[in-house]
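What follows is each chain in one-letter form.
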Amino acid sequence: MPESSHRIRTGELPHGRRNSIADVSGVTVGHATVDRGDVHTGVTVVVPCEGPVIARRPVAAAHVLNGFGKTCGLVQVGELGCIETPIALTNTLCVGRVADGLVTNALREARSAGLPLPSTINPVVGETNDGRVSDIRARAVGESDVLAAIDSASADFARGSVGAGRGTVCFGLKGGIGSSSRLASIGEKSYALGVLVQSNFGRMPDLVLGGKPVGRRIAEELAAPEAPERGSIMVVVATDAPLSSRQLGRVIRRATVGLVRCGSYMGHGSGDVFIGFTTANSMGSPVGPDGCLELRCLPEDRLDPLFRACAEATEEAVLDSLLAAEPMRGLDGTLYHSLGEFL
């Protein structure tokens, strides 16, 4: 599925070469889209590193801003501070089916690498409800789709109405998968921070673009009826900055700023969940002669550039999802326009 030919730049920090989460070296993204009859859904997978994730276990963190969501695996991420599988995004009623696919993938990766087969695996799955566009009760995403998404993962990936974003609606417009990145200078080093979103939240009149109430104009032009904020957003943050799990938690919470800049107030019906990881620290690293892992982290007073990077990249990733998505009709015949039609 083609990407948008143009983007809306936000913020002050420079972006990476791809302006996507894949500007963090080693991170790839894959999709599997399911389109048949009234089913328009899929799965999107963020692969954090090469090789078996369960062996490397990148340091990670999660934050729940509004808990109207059905995610899988966040309890252990919070407890142990790492991820053991790629991060998968899908629709609400397919979380369990996608989690099963991640377990199958972890076992096949372990076999392929000649590792002992794990007896415990923590699959990490996020979701939003795409029932306005897709027959969500069909539970159409399965193990084969998860494996296909992982096998197709690349640093150059499609955005918009693809994978887990196929059936999403954002600010009353067609939502989808969006991504952006920022480069944060700390001392003499530059670190990459990338964000990928599955956007399915917001009210049309609330949409803000560069501080301007664009959504209000669009709502008036379309004579759009009033509607509550509902639907949810998943935010996946990746960085190569050396951070502890606690510090990652501080960074990913700044995704809230990006959502607010887009006009969201995180309504009752919107599940707003953030998951982040760093490629610079691994809980699977070799244990030193003193019996300790060698983990590095930045001083607390140097995190400000990463806070800004997360806020800016989240805002732009949401707008990217709106621009890259093509118009689609919902199950009730409602036409969900692309933001690009009004710019």
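Because the structure is predicted, anything quoted here is derived from the model rather than measured.

Caption draft 1: Focus on the overall build of the protein. Helix and strand counts for the protein stand at eight helices and 13 strands. Computed over the C-alpha atoms, the radius of gyration of the protein is 19 Å, within 12% of the 20 Å expected from 2.2 N^0.38 for a compact globule of 343 residues. The C-alpha extent of the protein, read off along each of the three principal axes, is 70 × 45 × 35 Å. By the burial criterion, 58% of the 343 residues in the protein qualify as buried. Pairs at least 24 apart in sequence give 78% of the contacts found in the protein among residues at least 6 apart. Accessible surface computed for the protein: about 13500 Å², of which carbon and sulfur atoms make up 50%. Positive and negative charge centroids in the protein, built from 33 and 37 side chains respectively, lie 1 Å apart.

Caption draft 2: The pairing of strand β10 (residues 233–239), seen in detail. Among the seven residues of β10, seven are classified as buried, and the element is accordingly described as predominantly covered. The alternating pattern of β10 places I233, V235, V237 and T239 and M234, V236 and A238 on opposite faces, both of which are buried. Pairing of β10 with strand β11 (residues 272–282) involves seven bridges; the strand directions are parallel. Within the sheet, the bridge partner assigned to V236 lies in β11 and is I275.

Caption draft 3: Focus on the packing of helix α7 (residues 255–262) against helix α8 (residues 304–324). At a minimum axis separation of 7 Å, α7 and α8 run at an interaxial angle of 45°. As judged from the angle between their axes, α7 and α8 are oblique. Considering how the two elements wind past one another, α7 and α8 form a crossing that is right-handed. Contact residues: A255, V257, G258, L259, R261 and C262 in α7; C310, A311, E312, T314, E315 and V318 in α8.

Caption draft 4: Quick peek at the sheet that holds β10. Strand order across the open sheet formed by five strands is β3-β11-β10-β9-β8, with mixed pairing between neighbours. Where the open sheet ends on each side, the last strands, each with one partner, are β3 (58–66) and β8 (177–186). Within this sheet the neighbouring strands show an average axis-to-axis angle of 15°, counted without direction. Pairing of β8 with strand β9 (residues 189–199), which is carried by ten bridges, proceeds in the antiparallel orientation. Bridge assignment links S180 to a residue of β9, and that residue is V195. Docked against the sheet, helix α6 (residues 245–252) engages β3, β9, β10 and β11, running at close to 40° with respect to β3.

Caption draft 5: Focus on the confidence of the model for the protein. With 98% of its residues at a pLDDT of 70 or more, the protein has an overall mean of 95. This stretch, residues 1–5, has a pLDDT under 50; its non-local contacts, to residues over four places away or in other chains, come to twelve contacts.

Caption draft 6: Representation of unusual backbone geometry in the model. Positive phi values are uncommon outside glycine, yet A223 reaches one of about 50°. Within the secondary structure, A223 is located in the loop between α5 (214–222) and β10. When its relative accessible area of 62% is taken as the criterion, A223 is described as exposed. Its identity as a non-glycine residue notwithstanding, M266 has a phi of 55°, on the positive side.

Caption draft 7: Representation of the pattern of salt bridges within the structure. Under the definition given, this model contains 18 salt bridges. R182 is paired through a salt bridge with E316; the nearest N and O atoms lie 2.6 Å apart. Separated by 134 residues along the polypeptide, R182 in strand β8 and E316 in helix α8 bring together distant segments of the chain. This pair shows no difference in class: R182 is buried, exactly as E316 is. Among the charged side chains, a network of salt bridges with common partners joins R7, R9, E12, R159, R182, R308, E312, E316 and D320.

Caption draft 8: View of helix α4 (residues 143–151). Of the residues making up α4, those classed as buried are D145, V146, L147, A149 and I150. Looking at the packing, one finds that the buried side of α4 touches β1 (28–36), β2 (39–47) and α3 (95–113).

About the thresholds
- Think of each chain on its own: its residues are numbered from 1, step by step along the sequence as written.
- This being a predicted model, a pLDDT of at least 70 is required before a residue's local features are given, and a value of 80 or more before pairs of side-chain atoms are given or counted; all residues contribute to the totals for chains, interfaces and linings.
- Excluding hydrogens and water, the side-chain figures rest on all heavy atoms present in the structure.
- Per the convention used, a helix needs a DSSP run of H or I reaching at least four residues, while a strand needs a run of E reaching at least two, with both numbered from the N terminus.
- We compute the radius of gyration over the C-alpha atoms and compare it with the globule rule, which gives 2.2 Å times the number of residues raised to the power 0.38.
- The rule is simple: take the accessible area with a 1.4 Å probe, protein chains only, and divide by the maximum for that residue type; under 20% is buried, over 50% is exposed, in between is partly exposed.
- What makes two residues a contact is simply this: any of their non-hydrogen atoms within 4.5 Å.
- Each accessible area value is a Shrake-Rupley result obtained with a 1.4 Å probe; residue values ignore everything except the protein chains displayed when judging cover.
- Under the counting rule used here, the positive set is Lys and Arg, the negative set is Asp and Glu, and His together with the chain ends is not counted.
- Note on charges: their place is set at NZ of Lys, CZ of Arg, CG of Asp or CD of Glu.
- Following DSSP output, two strands are said to pair if at least two bridges run between them.
- Only the stretch in contact is used when fitting a helix axis, every axis being a line fitted to C-alpha atoms; angles between N-to-C directions are given from 0 to 180 degrees.
- Each angle is binned into one of four classes, with values under 35 degrees roughly parallel, values over 145 roughly antiparallel, values of 65 to 115 roughly perpendicular, and all other values oblique.
- Whether a crossing is left-handed or right-handed is set by the direction in which the near helix is turned from the far one by less than a right angle, anticlockwise for left-handed and clockwise for right-handed.
- For every residue, the predictor states its confidence as a pLDDT score lying anywhere from 0 to 100.
- Counted as salt bridges are all cases of a side-chain nitrogen of Lys or Arg within 4 Å of a carboxyl oxygen of Asp or Glu.

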